[in-house]
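# Structural features, examined
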Amino acid sequence: MNIVKIVNKYILILICGVSPFLLSANNKYNIDVELEPAKRTVKGHLQMSFYNSTNDTLQELWVHLWPNAYSGHHTPWAKQMVQLGQLDFRYGKSLGKIDSLNFTVDGRALTLMTSDDQPDVGVILLNQPLLPGKSITLNTPFRVKLPEMTSRSGYTGSFYSLTQWYPKFAVYQGGEWQSMSYLEQGEFFSDFADYQVKVTLPSVYGFAATGYQYKPVDTTESKITYEVNQSEIHDFAWFASRKFIVKQKEITLKSGKKVTLQAYVHNEAIADDILHYASETVQYMSENVGEYPYDVCTVVEGVAGIGNGMEYPTICNIEGGATLKVEVVHEVIHNWWYGILANNERKEPFLDESLTSYYEHRVIARLAENESSWIEEHKGVAKYFGLNRLPEKPMEKNVLLQQYRTNLQQPDNLTSEEYSGANYYAMMYAKGAFDIKNLEGYLGREAFDQLMQVFYEKNKFQHISIAGLQQHFKEECDKDTEWFFEGILKSSEVSDLSVKGIRKENARLNVTLKNKKSLKTATEVALVDKDLNVLESVWVEDFENEKQISFSDHKDAYAVLVDPQWLTPESNRRNNFAKVNGIRSWKPAQVRLLGSLEDPTKNQLFLTPVLAGNKYDGFMLGLALYNRVFPVKKLEYELVPLFAFKSKQFNWIGNVSYHISPKKQKPIDIEIGLHSKSFSINNRPIDLKFIKLQPFMEATFRKLSNDNGPIHKVGYRNIHIWQDAYAAQRDSITGDVSFSKVKGHFNTSEFWYSLQNLHSIYPHELKTVVRFDKDYVRQSVEFRQKFRYTRKGSFVHMRFFAGAFYYRNEDISFRRNAVVGFNMSGINGKNDYLYDGSYFGRNAQEGFASRQMMMGEGNFKVFTPLQNIPEGKTVNGLFAANFKLDAPVKWLPVQLFLDMGYSIDKVLMPDNLLPVKQFHYDMGFCISLMDEAIEVYFPLLMSDNFRTYYKSNLPKFGQRITFAINMDKLNFHKGIRENLLEKVMK
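Owing to the predicted nature of the structure, the values given are computational and were not obtained by experimental measurement.

## Topic: the overall build of the protein
For the protein, the helix and strand inventory stands at 14 helices and 51 strands. A total of 986 residues make up the protein; the buried ones form 54% of that total. Across the protein, the 114 positively charged side chains and the 112 negatively charged ones have centroids separated by 7 Å.

## Observations regarding the pattern of salt bridges
On inspection of all chains with the given rule, the structure shows 40 salt bridges. Linked by salt bridges that have partners in common, Lys-692, Arg-717, Glu-750, Arg-771 and Asp-836 make up one network.

## Section: helix H9 (residues 421-443)
For H9, with 23 residues, the first-to-last C-alpha span of 32 Å sits near the 33 Å given by 1.5 Å per residue. Maximal helix bending in H9 amounts to about 35°, located at Met-427. Directly beyond the C-terminal end of H9, a positive phi value near 95° is found at Gly-444.

## A closer look at the sheet that holds strand E28 (residues 508-515)
Strand order across the open sheet formed by three strands is E27-E28-E31, with antiparallel pairing between neighbours. In the strand order of this sheet, the two ends are held by strand E27 (497-505) and strand E31 (546-552), each with one partner. Averaged over all adjacent pairs, the angle separating strand axes in this sheet is 25°, with direction ignored. Bridge analysis of E28 against E31 gives seven bridges, and the strand direction is antiparallel. Along E31, the bridge assignment pairs Thr-512 with Gln-548.

## What to know about empty space enclosed by the protein
Taken as a whole and judged by the stated rule, the model has eight cavities of 30 Å³ or more. Considered as a void within the structure, the largest cavity measures approximately 110 Å³ in volume. For the largest cavity, the lining is made up of 14 residues, of which Asn-823, Asn-828, Asn-831, Phe-863 and Pro-870 are closest to its centre. Broken down by class, the residue content of the lining of the largest cavity amounts to four nonpolar, seven polar and three charged. Empty space within the second largest cavity amounts to approximately 90 Å³. Lining the second largest cavity are 15 residues, and of these His-234, Glu-311, Tyr-312, Pro-313 and Tyr-338 lie nearest its centre.

## Things to note about the environment of Lys-692
Mapped onto the elements of the fold, Lys-692 is located in strand E40 (residues 688-702). Assessed through its relative accessible area of 1%, Lys-692 is described here as buried. Spatially, the C-alpha atoms of Lys-692 and Ala-804 are 26 Å apart, while their sequence positions differ by 112 residues. Look past the residues within four positions of Lys-692 in its chain and what remains in contact with it is His-675, Ser-676, Lys-677, Arg-717, Ile-719, His-720, Ile-721, Leu-834, Tyr-835 and Asp-836.

## Things to note about the side chain of Thr-481
Along the polypeptide, Thr-481 turns up in the loop between helix H11 (466-476) and helix H12 (482-488). Since its relative accessible area comes to 2%, Thr-481 is described here as buried. In this view, Thr-481 contacts Leu-439, Leu-443 and Phe-473; residues no more than four positions away in its chain are not counted.

## Concerning the side chain of Ser-760
Mapped onto the elements of the fold, Ser-760 is located in the loop between strand E42 (737-757) and strand E43 (764-773). One polar contact links the side chain of Ser-760 to the main-chain amide nitrogen of Gly-85, over a distance of 3.5 Å. When residues no more than four places from it in sequence are discounted, the contact partners of Ser-760 are Val-82, Gln-83, Gly-85, Leu-87, Asn-708, Arg-788 and Phe-795.

## Quick word on the nonpolar core
One finds Leu-61, Trp-165, Leu-201, Phe-236, Trp-238, Trp-337 and Tyr-359 to be the most contacted residues of the largest nonpolar core, which totals 194 residues. Counting residues per element, this core draws most heavily on H9, at 12 residues. Apart from residues lying up to four places away in sequence, Leu-201 is in contact with Leu-35, Gly-206, Phe-207, Ser-222, Lys-223, Ile-224, Tyr-226, Trp-238 and Ala-240. Core analysis: the next-biggest nonpolar cluster, separate from the first, contains 17 residues, Leu-497, Val-511, Ala-557 and Val-560 among them.

## Concerning the pairing of strand E24 (residues 315-318)
On any regular strand, side chains alternate: one points to one face of the sheet, the next to the other face. Neither face of E24 is exposed, since Ile-315 and Asn-317 on one face and Cys-316 and Ile-318 on the opposite face are all buried. With four bridges joining them, strand E23 (residues 309-312) and E24 adopt antiparallel strand pairing. Directly across from Glu-311, in E24, lies its bridge partner Cys-316. Adjacent in sequence and paired antiparallel, E23 and E24 are bridged by two residues, among which Thr-314 carries a positive phi angle near 65°.

## Description of the layout of surface pockets
In this structure, the second largest pocket spans a volume of roughly 1100 Å³. Contributing to the lining of the second largest pocket are 37 residues, with Gln-723, Asn-817, Val-819, Lys-830 and Tyr-833 lying nearest its centre. When contributions to the lining of the second largest pocket are tallied by element, the ones reaching two or more residues are strand E39 (669-682), strand E41 (711-730) and E42. In terms of residues, the lining of the second largest pocket owes the most to one element, E42, which gives five residues.

## What to know about the packing of aromatic side chains
Within a pair of aromatic rings, the relevant descriptors are the distance that separates the centres and the angle that separates the planes. Throughout the structure, instances matching the rule amount to 65 aromatic pairs. Judged by centre distance (4.7 Å) and plane angle (40°), the ring pair of Tyr-716 and Phe-751 falls under tilted. In this pair, Tyr-716 sits in strand E41 while Phe-751 sits in strand E42, placing the two residues 35 residues apart along the sequence. We note Arg-90 situated over the ring of Tyr-91; from NZ or CZ to the ring centre the distance is 5.2 Å. Between Lys-479 and the ring centre of Tyr-442, over which it is positioned, the NZ or CZ distance is 4.8 Å.

## A short note on the sheet that holds strand E10 (residues 154-156)
Paired through backbone hydrogen bonds, the strands of a sheet run either parallel or antiparallel to each other. Reading across the sheet, the four strands line up as E10-E11-E19-E16 and stay open at both edges, with antiparallel pairing between neighbours. Taken across any chain shown, the strands that pair with only one partner, and hence form the sheet edges, are E10 and strand E16 (206-209). Taken pair by pair, the neighbouring strands of this sheet meet at an average axis angle of 10°, ignoring direction. Where E10 lies against strand E11 (residues 159-162), three bridges are found, and the strand directions are antiparallel. By the bridge assignment, Thr-156 is partnered in E11 with Phe-159.

## Some thoughts on unusual backbone geometry
Each neighbour pair has its own omega, and for Phe-630 with Pro-631 the value is 0°, a cis peptide bond. Structurally, the position occupied by Pro-631 is in the loop between strand E36 (618-626) and strand E37 (635-644). One non-glycine residue, Asp-106, lies in the positive phi region at around 55°. Of note, Asp-106 is situated in the loop between strand E5 (104-105) and strand E6 (108-109). With relative accessibility at 70%, the residue Asp-106 sits in the exposed group. Positive phi outside glycine occurs at Asn-545, with the angle close to 60°. In this structure, Asn-545 sits in the loop between strand E30 (534-540) and E31.

## Section: helix H8 (residues 394-405)
When the terminal C-alpha atoms of H8 are compared, their 16 Å separation across 12 residues agrees well with the 16 Å that a helix rising 1.5 Å per residue should span. Among all positions in H8, only Pro-394, Lys-397, Asn-398, Val-399, Leu-400, Leu-401, Gln-402, Gln-403, Tyr-404 and Arg-405 are buried. A positive backbone phi angle near 60° is found at Asn-407, which sits one or two residues after H8.

## As for the packing of helix H5 (residues 349-367) against H9
At a minimum axis distance of 8 Å, the contact between H5 and H9 shows a crossing angle of 65°. Two packed elements cross with a definite hand, and for H5 against H9 that hand is right-handed. When H5 is examined against H9, the residues Pro-349, Phe-350, Glu-353, Ser-354, Leu-355, Ser-357, Tyr-358, His-361 and Arg-362 are found in contact with a partner set consisting of Tyr-424, Met-427, Met-428, Tyr-429, Gly-432, Ala-433, Phe-434, Ile-436, Lys-437 and Glu-440. Split into classes, the residues belonging to the contact of H5 with H9 amount to 11 nonpolar, four polar and four charged.

## Examining a positive patch on the surface
A cluster of basic side chains, namely Lys-517, Lys-634, Lys-663 and Lys-664, defines a positive patch on the protein surface. Note on placement: Lys-634 falls in the loop between E36 and E37. A relative accessible area of 43% means that Lys-634 is categorised as partly exposed.

## Considering the packing of helix H4 (residues 324-333) against H5
With their axes 9 Å apart at the nearest point, H4 and H5 run at an angle of 130° to one another. Judged by the angle between their axes, H4 and H5 are oblique. Both H4 and H5 take part in a crossing whose hand is right-handed. Along its contact with H4, which presents Lys-325, Val-326, Val-329, His-330 and Ile-333, the element H5 presents Glu-353, Thr-356, Ser-357, Tyr-359, Glu-360, Val-363, Ile-364 and Leu-367. Classifying every residue of the contact of H4 with H5 by side-chain character gives seven nonpolar, three polar and three charged.

The rules behind these values
Residues numbered from 1 in each chain as written. Predicted model: local features only at pLDDT ≥ 70, side-chain atom pairs only at ≥ 80, totals over all residues. Heavy atoms only, no water. Helix = DSSP H or I, 4+ residues; strand = E, 2+ residues; numbered from the N terminus. Buried < 20%, exposed > 50% of the residue type's maximum accessible area, 1.4 Å probe, protein only. Lys, Arg positive; Asp, Glu negative; His and termini not counted. Charge placed at Lys NZ, Arg CZ, Asp CG, Glu CD. Salt bridge = Lys/Arg side-chain N within 4 Å of Asp/Glu carboxyl O. Expected span 1.5 Å × (residues − 1). Bend = angle between axes of the 7 residues up to and from the residue. Pairing = 2+ DSSP bridges. Axes fitted to C-alpha atoms, helices over the stretch in contact; angles between N-to-C directions. 1 Å grid on protein atoms, 1.4 Å probe; cavity = no way out; pocket = protein on both sides within 12 Å on 5 of 7 lines; lining within 4 Å. Points joined across faces, edges and corners; volume = space filled by probe spheres on them. Nonpolar A, V, L, I, M, F, W, Y, C, P; charged D, E, K, R; others polar. Contact = heavy atoms within 4.5 Å. Polar contact = N/O pair within 3.5 Å; in protein donor to acceptor, adjacent residues only side chain to side chain. Core = buried A, V, L, I, M, F, W, Y, C linked by side-chain atoms within 4.5 Å. Phe/Tyr/Trp six-rings, centres within 6.5 Å; stacked < 30°, edge-to-face > 60°. Lys NZ or Arg CZ within 6 Å of the ring centre and 35° of its normal. Left-handed = near helix turned anticlockwise from the far one by under 90°. Patch = residues over 30% accessible without salt bridge, like charges linked within 9 Å, V, L, I, M, F, W, Y side chains within 5 Å. Areas by Shrake-Rupley, 256 points an atom, 1.4 Å probe, with all protein chains shown as cover. Parallel < 35°, antiparallel > 145°, perpendicular 65-115°, else oblique.

Geometric values such as these leave the question of function open.
Rendered as structure tokens:
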């Protein structure tokens, strides 16, 4: 930085330092309200002044009426809550609203317009235009009917949260009103103003609010009135509770300024911790960004439903619990990023959430300097699972790897509405913070802090933008940062930096780096020892193609590691690592029982003992060998060899798949893989087995801004089955019968398309499958729809199925080969001719094993296994409708079911008859466990054909009970990934 820049910087700091004392906010709010706990309302009067600081003449004023977000189930906020899967308000929570509005100017009435679609945004028509440089003062009474605690506002018992609760001017910027509905995901944008607020409460209530609370201004036996005056803020929030416990602490900043810290809690045990965390945060941010300008900083412990934490000027609320430290630090930091430096959080959430999360990491690190980490306290466990070799924040960084490898990542510079729920967390709170940390490392912390301090002084109490921050760095920074602002922030592409080669020369290690993709990023490159401790590191500017760097040849040097802190958006970290000696890319093996987080410097193999069994193989003992748990890998495999003690043979299950992530994210993922398995299928009169080999390919398309859908999938699989059969031979002399194995093989192909929407209230899925081989072509269409009718997750389930044959080889007797037809009942082992399911007794016709089915096709819960051609079986056409009703209480795993179907058949040849056209039905109840992974069916009523069969063959009620096991829903890896992602996000 040259001398002119240095002088200009300090002149700017001086001017900006005194400007808050020379200027005041132009908008003003004078509010006088009273809380009425019995009515759950707040009512009073508002005087609000708007100053037209633009060059435009205004004909109307836009205001936010955000309590109307709670006025119905079809407001923008209510719809977003359903989309995010948060259903408390949709089921059971009381409504809220703002009413009694009557805006006037100098006693003359104004017209307020709202819409049914957006009741939380209003337009006030002015009686005369508001010229540039002029102000206008409006008056109105208002009343807020509070909802039960939901989102950020409402009541629970005697606790009240009054946030976004009064009519507030929208921001007029860029020639238009920046009006917005209240939303859960994505926050706010307001002008700075001066506030004078009076709040009257029953005297038994404690009171916490924006601004410093000195003492009540009016007190009676039953009521108490507080007055708060605060300038240079863009919002006002307050909280009340009969159970508040208050603790205070005064701190002195380096300038000598004193700040009072306040903790309003319901649990006194956490008050001192809150004050400690808040104190450290205010002092750290004042020293490293800019001095805290207010006299007070308050933290309120809220109640369940208020959210994990939320910020308002000079005050924030937290829930506490295990994340108390992070919540307090994060929300207090928001006093800088969106409190003092006010961006449009809805349009550019990066500026408040990512910057706040970045500084949160710094403050947490400061707090932890004198504390031992979890890894240090649990060295044995940490080393076993490889946590000691991973960078800071390993869970968040592995969540990002999951998003990168499933091609679901989004850029940092989007609006809040453009992110999916998962990505709003992953991109804003995790990736954005790591991107800033990478920028800091590239510039150096001292230089970075100086830049941010100047930006703070220049922009405090103003609206900021990413473009403004970019321009500031361009003007004030000696290094080029366009790779960050034009690349990292705006791109959804991932990087791929690798170590191409290492050459020793004159006691130096000359390293060649390669950038394999078009995204350019600065990064750290380190020389590390065997435990990945950094011996020496350099920060490399963004580059294309190749880059040369050099290290000293340390005696403990083991490898070169690109981006050791995992700060760049890398999806493939294996080529970030190269050994100094020996085979550069070779990585030592790491074998672990059950699993571990990914360590890209190791060749990881995970093991899990497996117990299994079926009627023919008996008890089986095996070992699952696999290379992934979380996150997904580009190449994944699992092999499960099993020894069967009854059949005395080795069986197996094997899967391998490779994921291709198209650069443009359309589709987001292409998976190419191979599935194989082998088990016994019979043991009478001789042992028989099958082998399945199935190559497949599937492409997934989805909208990145929506976690729940629509999700489109297109796929193909080719199924090869080698299966044993037996042939009987009779001795012509003795008459004895002997049996021999006959090897058979067939090949079948399938194309499929599915459309899935995981809507929280009415999820649905459409799937069509075309299956064919040389003898037939058939197609099925299946539609599933669920309707939620309780908050906890009780549904009405509907399913419709239709299947038909387009072609059948007339030379094939389908009576003798009816297995390829459609089944009215669920698919039992005999009819599962593609061996898609896992059965205890695949060909059993009696006993417990014979009553297992796989849900599909007609999906009836009754079937007739002793008949050569089961009831409803068809090689022509089949239609079915299936209905289930969950119990209204989720803890009761009982469902009622009703199935109806119609099968169509016609004579092919005299010896090739199938059951004729027929209507079928069954109904009963089901015990459903583990999200329908295991289901047991109890049929009570059924059509005559099934009833006749059971009377003749299975007369006892217990013999009619059937069951199904959905192995996909019992998938260990899938469950770990979904649950781990959900836990980290929370």
